[in-house]
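Structure at a glance
The chain contents come next:
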Amino acid sequence: MSVSEMRQTALAMVAKGRGILAADESTGTIEKRFKSIGVENTEPNRRAYRDMLFTTRGLGQYVSGVILYDETLRQSSHDGVPFPELLARNGMIPGIKVDAGAKDLALCPGEKVTEGLDGLAKRCAEYYKMGARFAKWRAVITIGKDMPTTTCIAANAHALARYAAICQANGLVPIVEPEVLMDGDHTIERCQEVTEWTLNAVYDALYVNRVSLEESVLKPSMVISGADAKRQAPVDEVADRTVTILKRCVPAAVAGIVFLSGGQSDEIATEHLDAMNKRFKGNLPWPLSFSYGRALQHASLHAWKGSAANVAAAQAALLHRARMNSLAATGEYRPDLEKKAA
Ligand code: 13P
């Protein structure tokens, strides 16, 4: 049986010691990031920032693919190379965020459903032509009083599955991203329960929608304590609870699992991934790696501050974080490697 291009892409995305850089912030989201460093949110600044990230020498050693936003997919480097081409030249697969964002879910106050299915097949076909080989769609599940509702889980699972099917019909590997938000004071037990519920609903919907699991990648949140919870579960507990739930809910056929960072600090996100890989080495059906946005970019963004003079320092910061997470993806990270770099 010949291996499909999508299967090859999916396996390359989670190749040993490599993970994904999520650089697909929408214009609204990048505005928040730029505000934190006092940079104006203009098209040239957004281009310059992504140019800094993507021209980092050696990044492809640790990063298998980069998720772009529609605008970024159409932009070029300072010397005129279209970003998708630049990434591919450096051994990184270009990917594209295709959802249109999380919107209020009707009749369910406080909850969201991700939109963007209308016209998606046409957009996927265009993105493929422009060089994208995988896509991303993020669903958000909120934990709170009487939340999540069955309505919210079902609506988001259905949309994720319809998205994944449309991607595969157009040659793109879907990253299926159901994020259980860490906002709130809920316990880690509650996070575990909601994550298990969500993942079961998602894999049921993927089956109903005929999605080929071998040609898909899961991007879940980790099972962690709510950000404002009194008790913050230690790293090993997060690793054990997360892997327990993944084993229960994620079919072995799935090509790989890449976590989002979701607001965890840079080093904690690395430690959690590392602990999972250290504790379960050789005993899991799928590779566990990263698809971090903030936890990969934070240090680099703050070193950059919008100035061309800081590009080298910002690239060094990105490369360091990418290397730390690459080590975590094989369970070989050590916190003392952080100090050495500093
Ligand atoms: P964070 O790692 O910052 O959560 O971003 C990952 C992502 O792509 C969210 O959709």
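Summary of the structure given here. (Residues numbered from 1 in each chain as written. Predicted model: local features only at pLDDT ≥ 70, side-chain atom pairs only at ≥ 80, totals over all residues. Heavy atoms only, no water.)

1. Here's the deal with the overall build of the protein chain
When helices and strands are counted, the protein chain shows 13 helices and 10 strands. The C-alpha atoms of the protein chain give a radius of gyration of 19 Å, which matches the 20 Å a tight globule of 342 residues would have. Out of the 342 residues belonging to the protein chain, those deemed buried represent 55%. Only carbon and sulfur atoms are counted for the fraction: they give 53% of the accessible area of the protein chain, which is about 14,300 Å². Looking at charge distribution, the protein chain has the averaged site of its 41 positive side-chain charges lying 3 Å from that of its 39 negative ones. (Helix = DSSP H or I, 4+ residues; strand = E, 2+ residues; numbered from the N terminus. Rg over C-alpha atoms; globule rule 2.2 N^0.38 Å. Buried < 20%, exposed > 50% of the residue type's maximum accessible area, 1.4 Å probe, protein only. Areas by Shrake-Rupley, 256 points an atom, 1.4 Å probe, with all protein chains shown as cover. Lys, Arg positive; Asp, Glu negative; His and termini not counted. Charge placed at Lys NZ, Arg CZ, Asp CG, Glu CD.)

2. Here's the deal with the packing of helix 11 (residues 294–304) against helix 12 (residues 311–328)
In the contact formed by helix 11 and helix 12, the axes pass within 8 Å of each other and the chain directions differ by 165 degrees. Classified by the angle between their axes, helix 11 and helix 12 sit roughly antiparallel to one another. Where helix 11 crosses over helix 12, the handedness of that crossing is right-handed. On helix 12, the residues that touch A295, L296, A299, S300, A303 and W304 of helix 11 are V311, A313, A314, Q315, A317, L318, R321, A322 and N325. (Axes fitted to C-alpha atoms, helices over the stretch in contact; angles between N-to-C directions. Parallel < 35°, antiparallel > 145°, perpendicular 65-115°, else oblique. Left-handed = near helix turned anticlockwise from the far one by under 90°. Contact = heavy atoms within 4.5 Å.)

3. Describing the site of the ligand
Near the ligand, the surroundings consist of 13 residues, among which K136, K219, S261, G262 and R294 are the closest. A distance of 2.4 Å is found between an oxygen atom of the ligand and a side-chain nitrogen or oxygen belonging to K136. In this structure, an oxygen atom belonging to the ligand sits 2.7 Å away from a side-chain N or O atom of R294. Computed on the free molecule, the ligand has an accessible area of 300 Å², of which 92% lies beneath the protein chains in the complex. Elements supplying a minimum of two residues to the shell around the ligand: strand 6 (134–141) and strand 10 (288–292). Across the shell around the ligand, the residue classes break down as 3 nonpolar, 4 polar and 6 charged. (Near = heavy atom within 4 Å. Polar contact = N/O pair within 3.5 Å; in protein donor to acceptor, adjacent residues only side chain to side chain. Nonpolar A, V, L, I, M, F, W, Y, C, P; charged D, E, K, R; others polar.)

4. Looking at the environment of A23
Mapped onto the secondary structure, A23 falls in the loop between strand 1 (19–22) and helix 2 (27–35). Discounting chain neighbours no more than four positions away, the residues touching A23 are R50, L53, F54, V66, I67, L68, Y69 and Q297.

5. A look at the sheet that holds strand 6
Sheet strands pair by backbone hydrogen bonding; their relative direction is either parallel or antiparallel. Sheet architecture is closed into a barrel: 8 strands sit in the order 1-2-3-6-7-8-9-10, paired in parallel fashion. Where strand 7 (residues 173–180) and strand 8 (residues 217–218) come together, 2 bridges link them in parallel fashion. Looking across to strand 8, one finds that V176 is bridged to L218. Against the sheet, helix 9 (residues 235–249) makes contact with strand 8, strand 9 (256–259) and strand 10, and its axis sits at roughly 145 degrees relative to strand 9, the strand it touches most. (Pairing = 2+ DSSP bridges.)

6. Comments concerning the packing of aromatic side chains
Scanning all chains against the criterion turns up 6 aromatic pairs. Relative to W304, the ring of F34 has its centre 5.9 Å away and its plane inclined at 45 degrees; by these criteria the two rings are tilted. Of this pair, F34 sits in helix 2 while W304 sits in helix 11, and the two are 270 residues apart along the sequence. Of the two residues examined, F34 and W304, each falls in the buried class. (Phe/Tyr/Trp six-rings, centres within 6.5 Å; stacked < 30°, edge-to-face > 60°.)

7. Things to note about the pattern of salt bridges
Side-chain pairing between opposite charges can occur once the charged atoms of the two side chains come close. Throughout the structure, instances matching the rule amount to 24 salt bridges. Put simply, K145 and D146 hold a salt bridge, and the shortest N to O gap is 3.4 Å. Using a relative accessible area of 72% as the deciding quantity, one classes K145 as exposed. A salt bridge links E196 to R248; the shortest N-O distance between them is 3.2 Å. Here the residue E196 occupies a position in helix 8 (residues 188–208), and R248 occupies one in helix 9, the gap between them amounting to 52 residues. Accessibility expressed as a relative area gives 23% for E196, which makes it partly exposed. (Salt bridge = Lys/Arg side-chain N within 4 Å of Asp/Glu carboxyl O.)

8. Section: the nonpolar core
Within the largest apolar cluster, 111 residues are counted, with the highest numbers of intra-cluster contacts made by F54, Y163 and L288. In contact with Y163, other than residues within four places in its own chain, are V98, L117, L120, A135, K136, W137, P174 and I175. (Core = buried A, V, L, I, M, F, W, Y, C linked by side-chain atoms within 4.5 Å.)

9. A few points about helix 11
Every buried residue of helix 11 is accounted for by A295, L296, Q297, S300, L301 and W304. Turning to helix 11, the residues buried within the fold contact strand 1, helix 2, helix 3 (43–54), helix 10 (266–279), strand 10 and helix 12. Phi turns positive, to about 55 degrees, at K305, one or two residues after helix 11.

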